[in-house]
Amino acid sequence: MGRIKVKYDLLLFVLLMVILFIPIIQEWTGVFPVKPLNGVFVPTTKPELTFENYKTNTYQAQIDKYSSENFGMREPILRLYNQYLWDVFRKTYVSKEQIVFGKDRWFYEPGSVSDHEQRLFRYFAADSTQMASMLSKEAQKLLHLQQILEAHGVHLFVCLVPAKDLIYPEYIPENHDTTYQGTPKISARFYNEDNFTRLGINHLNLEQWFLQIKDTADFALFPQTGMHWSKYAALLSADTLIRYMEHLGGINMKNLVIGPREYDEARRPDGDLEDLLNLMRPVRKPKYCYADCMTDGDPTATKPKIIVIGDSFWWTIADQLPLKEIFSRAPYWYYNNTIYYDDRYNSLDELDLAEELLSSDFVVLSYCATQQYRMNDGFTQKALKALGVKDSDAIMDSASFVEREIQRTIADILASPKSMESIREKAKQFNKTVEKAVRDDAKWIVNYKIQNGTLNWPKHDDYIAMDSATFIECEIQRTIKSLKSNPEAMQSIREKATKYNKTLDKALRDDALWVVNHKIQQGTLKWPVNNNDMNPKPESHGIQQ
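As a starting point, this report considers the structure included with it. (Residues numbered from 1 in each chain as written. Predicted model: local features only at pLDDT ≥ 70, side-chain atom pairs only at ≥ 80, totals over all residues. Heavy atoms only, no water.)

1. Quick word on the overall build of the chain
We count it as follows: Each helix corresponds to a stretch of at least 4 residues labelled H or I by DSSP, and each strand to a stretch of at least 2 residues labelled E; elements are numbered beginning at the N terminus. Buried residues are those whose accessible area, probed at 1.4 Å on protein chains only, stays under 20% of the maximum for their type, while exposed residues exceed 50% and partly exposed ones sit between those limits. The contact criterion used is simple: two residues touch if any of their non-hydrogen atoms lie within 4.5 Å. Areas reported here follow the Shrake-Rupley algorithm with a probe of radius 1.4 Å; residue values treat only the protein chains shown as occluding.
The helix and strand inventory of the chain stands at 22 helices and 12 strands. Considering the chain as a whole, with its 545 residues, one finds that 43% of them fall into the buried category. Long-range pairs, those at least 24 residues apart, make up 73% of the contacts in the chain with a sequence separation of at least 6. As displayed, the chain has an accessible area near 31,000 Å², and 54% of this comes from carbon and sulfur atoms.

2. A few points about the sheet that holds strand S4 (residues 203–205)
Under the convention used in this document: Any two strands with at least two DSSP-identified bridges between them are counted as paired. Fitted lines through C-alpha atoms give the axes, limited to the stretch in contact for helices. The angle between two N-to-C directions lies from 0 to 180 degrees.
Across the sheet, six strands lie side by side as S4-S3-S12-S9-S10-S11; this open sheet has mixed pairing. Every interior strand has two partners, whereas the edge strands, S4 and strand S11 (338–340), have only one. Shown here is a sheet whose adjacent strand axes are inclined to one another by a mean of 20°, direction ignored. Looking at chain direction, strand S10 (residues 332–334) and S11 are connected through three bridges and run antiparallel. In the strand pairing of S11, Tyr334 is matched with Thr338. Across the sheet, helix H6 (residues 128–151) is in contact with strand S3 (155–161) and strand S12 (362–368); its angle to S3 comes to roughly 140°.

3. Quick word on the packing of helix H9 (residues 206–213) against helix H10 (residues 231–249)
What counts is decided by this rule: Put simply, angles under 35 degrees are roughly parallel, angles over 145 are roughly antiparallel, angles from 65 to 115 are roughly perpendicular, and the rest are oblique. Left-handed describes a crossing whose near helix is turned anticlockwise from the far helix through less than a right angle; right-handed describes the clockwise counterpart. Note on residue classes: Ala, Val, Leu, Ile, Met, Phe, Trp, Tyr, Cys and Pro are nonpolar, Asp, Glu, Lys and Arg are charged, and everything else, Gly too, is polar.
H10 packs onto H9 with a crossing angle of 125° between their chain directions and a minimal axis gap of 12 Å. On the basis of their axis angle, the class for H9 and H10 is oblique. H9 and H10 meet at a crossing whose hand is right-handed. Contacts between H9 and H10 involve Leu206, Trp209 and Phe210 from the first element and Ala233, Leu236, Ser237 and Thr240 from the second. Looking at the contact of H9 with H10 residue by residue, the class counts come to five nonpolar, two polar and no charged.

4. Some remarks on the pairing of S3
For S3, the tally of buried residues reaches six of seven residues, placing the bulk of the element in the interior. When S3 meets S12, the two strands line up parallel, connected through seven bridges. Looking across to S12, one finds that Cys159 is bridged to Ser366. As paired elements, S3 and S4 share three bridges and run parallel to each other. Bridging across to S4, Leu160 finds its partner in Asn205.

5. What to know about the environment of Lys164
Residue position: Lys164 is located in helix H7 (residues 164–167). Since its relative accessible area comes to 2%, Lys164 is described here as buried. C-alpha of Lys164 to C-alpha of His116: the two residues are 48 residues apart in sequence and 9.4 Å apart in space. When near neighbours in sequence (up to four residues on either side) are disregarded, Lys164 contacts Trp106, Phe107, Tyr108, Pro169, Phe222, Pro223, Gln224, Thr225, Gly226 and Met227.

6. Thoughts on the pairing of strand S9 (residues 306–310)
Within S9, five of the five residues are buried, which leaves it mostly tucked inside the rest of the structure. Burial along S9 is two-sided: the face carrying Ile306, Val308 and Gly310 and the face carrying Ile307 and Ile309 are both buried. With five bridges connecting them, S9 and S12 associate as parallel partners. Residue pairing in the sheet places Ile307 in a bridge with Val363 of S12. Here S9 pairs with S10 via three bridges, running parallel. Its bridge partner being in S10, Val308 is matched across the sheet by Tyr332.

Scope: geometric values only; no functional claims are made or implied.
Okay, here's the thing in structure tokens:
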């Protein structure tokens, strides 16, 4: 018995030593493969011992933090502890800012729940009135951009991507957040749909389609523990998207052939919210539907160039499609910043925006409901400016308009030595800083112009692009005016009128028409421009008071 007890104690001792030394061995060698933790992680750099951090007693705190993030076998140990918390207490270290835990083990992204309660707008505007104004102005700019691109044969449209809260609201917890009871409220998804329909902006509303098929679909439109649409639902949406482009562009494209369905445990990204829990085993949930896809191989089909500007929902489509078989190019401008699926560029800062847009066949703005408050991440305004619209930001509320005019006036004052000399004297006289005196003078000038009606207040109609016929006629009239101011040109036109038995006005218009057509053919005519450019006014660079 004594010998058995000794062996038993020795076995326990060896086992304890192994348990203690495995993390050390792993930290030094990394010999055991471990699954990395999910989520965003900012690693702590290893601190160096210096006289300063030794003297201030901060080195120990720094090395403790580093060690807690870098000890061996950290990943499986944390997963094991997380599993214990989840199984026993239904608790997690993941905050409510990352996941909303709904009924029957349904997980939601917090933004979608906030939008369901129509309070997400608080992060983008002071109140619902301001949010409505911002969305309306963005829609006006989108219409302007759509009309400009259409003149070049480029089709712009918006893809309204569904969010989980609209399709499966029954699992959202009651009284999720009672901190905001203000009224009225607003949701971008409904406001944009109304604006786009009223203005005639091309758009494909996949939210409505998802609602229509929810009760009859024999597959999950959204995974139980995921944020984005399910992979199979995204695949069907891609097929719908291609058919919409065929209709919008009047072209024949290669269509998708979706293979037989199979059911399996959640594949990425169908459990992307659950992944944040970092558990040892998955949360109990049904199996999901998956399928491979290919194209129909139609030899007569065209391969258009498409640019997609959007949020993370597009990944689920792009990662499943044979993009190079369907499109000649299909760059993805992620949140109008980083570029993916493009061999030439990685960032929008590297490319010529106007050239990229005008060389495309389709420009798609693909945002889910929770991201539609972001105003396409500034894409519309940048695109308008790149295409020659000088005041694409001019559709604004009165306060913003006045502030813009003040800043313009300040710039003029600073550029005028005479004005600055006068302002420095005023600053001394009234005990102000020079900056304060400059701004006060600028405000006075702007207010004076408004009171006297000499400051042109922006109108929405000024920023709606005109049709091509009107644009060409305006260019002809501009050219006629230019020809009349040129004596040599007018002498030549008189000779042509006599030679071809025309009236002078007919000969003048024919010459102007030839000039405009030549510019269009050579690509030197900016097309189209806004109404303000049709009747240019001389700019005043001086400051009068």
